[in-house]
Amino acid sequence: MEQVKKKPMKETLTIKTSHVFPPDANHLGTLFGGKLMAYIDDVASIAAIKLARNPVVTASTDSVDFIKPIKIGDSVTLEAIVTWTGNTSMEVFVKVIAEQLLTGKKAVAALSFLTFVALGEDGKPTVIPEVFPETDEEKWLHQTASRRAAHRKSRKQESKDLVAFFSHNFN
Ligand SMILES: CC(=O)SCCNC(=O)CCNC(=O)[C@H](O)C(C)(C)COP(=O)(O)OP(=O)(O)OC[C@H]1O[C@@H](n2cnc3c(N)ncnc32)[C@H](O)[C@@H]1OP(=O)(O)O
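Numbers given to residues run from 1 along each chain, matching the order in which its sequence is written. Since the coordinates come from a predicted model, pLDDT governs what is reported: local features require at least 70, and pairs of side-chain atoms require 80 or more to be given and counted, while whole-chain, interface and lining totals use all residues. With hydrogens and water stripped out, all remaining heavy atoms of the structure feed into the side-chain values.

**Re the site of the ligand**
In the vicinity of the ligand there are 13 residues, among which T58, N87, T88, S89 and V117 approach most closely. A distance of 3.0 Å is found between a nitrogen atom of the ligand and a backbone nitrogen or oxygen belonging to T58. Whenever a nitrogen or oxygen atom comes within 3.5 Å of another N or O atom, the pair is scored as a polar contact, on the condition that within protein one atom can donate a hydrogen and the other can accept it, and that pairs from neighbouring residues in sequence are kept only if both atoms are in side chains. Contact distances for the ligand include 3.3 Å between a nitrogen atom and a side-chain N or O atom of S60. For helices the rule is a DSSP run of H or I covering at least 4 residues; for strands it is a run of E covering at least 2, with both sets numbered from the N terminus onward. Listed by contribution, the elements that provide at least two residues to the shell around the ligand are β3 (56-66) and β6 (105-118). If you tally residues by element for the shell around the ligand, the top one is β3, at four residues. Note on terminology: near, applied to a residue and a molecule or strand, indicates that one of the residue's heavy atoms is within 4 Å of it.

Rendered as structure tokens:
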């Protein structure tokens, strides 16, 4: 089967809405950060698979900015979209919106960028299609991605150095 070379970013758009209930909250009565991070990884991985149509793994959570607390009783909506592709890796952006359900008041509660890698049948990284933007928001995310990719590259080298440093006890 011939592989699709380019897909519109919107084909990867993935949206998840949940009600915030007491078991999801911390001692302050707001959504527990670890729970939100699990939601982010879940929705972002689905967006990544929609592009790759192969299994993916999270290579890194590049950033998670918690901007506003989300209270019990609010809804939380996550929108994930693939913004940029390398050869086998892709950047996914996740926007988290909290809504006070009784008033309809909405706010951006968190923002996150993650990197996923697609795996082929041999379990090794495999080539993925490129994405292209259409809306103004998509264009901004796509155009600014190369700057974030450069930052990731230097952080990956730092991470390799850290792994080498902390692995010396195992040798
Ligand atoms: C959805 C889930 O819950 S998955 C579970 C959590 N995740 C995991 O267990 C993943 C564990 N890590 C791995 O399996 C490996 O490190 C992999 C597959 C991510 C990368 O394997 P590597 O052997 O390093 O592959 P390789 O060096 O060829 O890199 C492949 C691509 O990943 C990118 N990459 C690898 N590590 C990182 C990183 N830390 N951050 C960003 N990009 C990375 C590379 O830049 C490369 O991108 P490109 O092909 O677009 O140029």
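**A short note on the pattern of salt bridges**
Here, a salt bridge means any Lys or Arg side-chain nitrogen found within 4 Å of an Asp or Glu carboxyl oxygen. This structure, assessed with the given rule, holds 10 salt bridges. Its salt-bridge partner being R148, residue E91 comes within 2.8 Å of it at the nearest N-O pair. Taken together, the residues span a long stretch of sequence, with E91 in strand β5 (residues 89-100) and R148 in helix α3 (residues 145-166) at a distance of 57 residues. In this scheme, a residue with accessible area under 20% of its type's maximum is buried, one over 50% is exposed, and one in between is partly exposed, where area comes from a 1.4 Å probe on protein chains only. The class for R148 is buried, based on a relative accessible area of 15%. Through salt bridges with shared partners, one network takes in D62, E91, R148, R152 and R155.

**Brief notes about the packing of aromatic side chains**
Any pair of Phe, Tyr and Trp rings, taking the six-membered ring for Trp, is counted once the centres come within 6.5 Å. Such a pair is stacked with planes under 30 degrees apart, edge-to-face with planes over 60 apart, and tilted for the rest. Per the counting criterion, the structure on display carries two aromatic pairs. Judged by centre distance (5.0 Å) and plane angle (40°), the rings of F93 and F113 are tilted. Of this pair, F93 sits in strand β5 while F113 sits in strand β6; the two residues are 20 residues apart in sequence, bridging distant segments of the chain. We note that F93, like F113, is buried. Arranged with centres 5.1 Å apart and planes meeting at 80°, the rings of F165 and F166 form a pair that is edge-to-face. For F166, a relative accessible area of 52% puts it in the exposed group.

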